[in-house]
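# Secondary and tertiary structure notes
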Amino acid sequence: MGMTLVNARLVRTDEVREGWLTIEDGRITHVGYGAAPRDGVDLAGRYLVPGFVDIHNHGGAGGSFPAGDAEQAARAAEFHLRHGTTTAVASLVTGAPGDLARAVAVLAELCDDGILAGVHLEGPYISPAKCGAHDPAQLRDPDAAELASLVAAGRGHVRMLTIAPELPGAAEVIRRAADCGVIAALGHSDADYAQTIAGIGAGATVATHLFNALPPLHHREPGPVAALLEDERVTVELINDGVHVHPAMLRLAWAAAGPDRVALVTDAMAAAGLGDGEYTLGSMAVRVTDGVARIVEGGAIAGSTLTMDTAFRRTVQKVGLGLPEAARAASLTPARVLGLDDRIGSIDVGKDADLVVLSADLAVEGVMRRGAWVVPPA
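Residues numbered from 1 in each chain as written. Predicted model: local features only at pLDDT ≥ 70, side-chain atom pairs only at ≥ 80, totals over all residues. Heavy atoms only, no water.

## Side note on the sheet that holds strand 14 (residues 235–239)
- The sheet built from eight strands is open, its strands ordered 6-9-10-11-12-13-14-15 with parallel pairing. On the outer flanks of this sheet lie strand 6 (52–57) and strand 15 (262–265), each paired with one strand and no other.
- Alignment of strand 12 (residues 183–186) against strand 13 (residues 206–207), held across two bridges, turns out to be parallel. Note on strand 13: the bridge partner recorded for Leu-186 is Ala-207. (Pairing = 2+ DSSP bridges. Helix = DSSP H or I, 4+ residues; strand = E, 2+ residues; numbered from the N terminus.)

Structure follows, in structure tokens:
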């Protein structure tokens, strides 16, 4: 049975207009402006944006993707879905080979069921100098054979690998990742400018949480940030939680990369949606204080407690971008990274009806996934 959403403020790729849309069999079949030709679900002038796409997420609501537990993973995915993330990639952290393979296999089952959109291996091929919340005892040089075994365990659902390009063998593994259909992302790296350029040349196309766990910009030693921002082949992830990156640096990244090369991500961990307290991220003990997650020993930031609706709202209210630009960063650009922009990421005819209803102050008041309400609008 079809459905029509009327009296909405449609946030599309380049504009915001009052209008309506119809949905049949889980897909958008018509989009129109002004008064709808028929009655339908009245959104009372609220914003309608495409469902958010989070390509870097470790968990939420007490559930951890790195735990490799199906119940925890489903709980985390459901939590983020209710905050508007209709497409989520489950991110792991550095671990022992057997532990990673088991976690990948478990998460692949949830990908089969459509709960998750893929698996992201954040590590173990990252720099000891920039490992952040990753277990330094488990770091290792890039290994093409190990990557192949993890890809096999994922049965086609391993979608992304974060790797430091300066490590021995990194270029070969980046190339092998591309051959396997795995997106190579540069991050947790101590690389210089030239090494980063080499990683991009080998096939890397994403920057894992730009600015974080990377050497800073310097006018004589531009380092990886400059290389990643200036190359048009690279999409840069940004964590807009008010902790990881200052709004001025976010504006700088948007100005340098342009609106179509920025992907908002949460980098959320199990504490997202819960209060302060003691948690784990992989094998590392984490303490959350005032909503900020840090490793107990050493104090490194350990992911976030962010949700995509908050990242979207902050992008408009704190960074100063328009609604269409924020929607591209939260939906269409990450969908393009995954190769899913023909199905999701914007309000267009033929695409899945993955939609989020937002109030005037950009709070979530409704979530639809594939034409079915997850959070019905009041």
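## Comments concerning the nonpolar core
- In this structure, Ile-55, Leu-116, Leu-210, Trp-254 and Phe-312 are the most contacted members of the largest nonpolar core, which totals 88 residues.
- It is helix 9 (residues 323–337) that contributes the most residues to this core, seven residues altogether.
- Residues contacting Leu-116, with those up to four places away along its chain left out, are Phe-65, Ala-77, Ala-88, Ala-90, Leu-107, Leu-110 and Cys-111.
- Grouped together as the second largest cluster of nonpolar side chains are 13 residues, Ile-28, Leu-48, Ala-353 and Leu-355 included. (Core = buried A, V, L, I, M, F, W, Y, C linked by side-chain atoms within 4.5 Å. Buried < 20%, exposed > 50% of the residue type's maximum accessible area, 1.4 Å probe, protein only. Contact = heavy atoms within 4.5 Å.)

## Remarks on the pairing of strand 14
- Most of strand 14 is tucked away: five of the five residues are buried.
- Burial along strand 14 is two-sided: Thr-235, Glu-237 and Ile-239 facing one way and Val-236 and Leu-238 facing the other are all buried.
- Sheet analysis places strand 13 next to strand 14, joined by two bridges and oriented parallel. The residue of strand 14 that forms the bridge with Ala-207 is Val-236.
- When strand 14 meets strand 15, the two strands line up parallel, connected through four bridges.

## Considering helix 3 (residues 144–154)
- Taken together, the buried positions of helix 3 are occupied by Ala-144, Glu-146, Leu-147, Leu-150, Val-151, Ala-153 and Gly-154.
- The inward-facing, buried residues of helix 3 contact helix 2 (97–112), strand 10 (119–122), strand 11 (158–163) and helix 4 (170–179).
- At the N-terminal end of helix 3, a side-chain oxygen is found 2.9 Å from the backbone nitrogen of Ala-145, two or three residues along, and the residue is Asp-143.
- Following helix 3 by one or two positions, Arg-155 adopts a phi angle in the positive range, close to 50°. (Polar contact = N/O pair within 3.5 Å; in protein donor to acceptor, adjacent residues only side chain to side chain.)

## Concerning the packing of aromatic side chains
- Summed over the entire model, instances satisfying the criterion amount to one aromatic pair.
- Ring centres of Phe-52 and Phe-312 lie 5.5 Å apart, and the angle between their planes is 35°; this geometry places the pair in the tilted category. Taken as a pair, Phe-52 in strand 6 and Phe-312 in helix 8 (residues 308–319) lie far apart in primary sequence, 260 residues in all.
- Look at Phe-52 and you get buried, because its relative accessible area is 1%.
- In this structure, Arg-17 is placed above the aromatic ring of Tyr-33, and the distance from its NZ or CZ to the ring centre is 3.7 Å. (Phe/Tyr/Trp six-rings, centres within 6.5 Å; stacked < 30°, edge-to-face > 60°. Lys NZ or Arg CZ within 6 Å of the ring centre and 35° of its normal.)

## Quick look at helix 6 (residues 223–230)
- Burial of helix 6 is extensive: seven of the eight residues sit out of reach of the surface.
- Taken together, the buried positions of helix 6 are Gly-223, Pro-224, Val-225, Ala-226, Ala-227, Leu-228 and Leu-229.
- Its buried side turned inward, helix 6 meets strand 12, helix 5 (193–202), strand 13, strand 14 and helix 7 (247–257).

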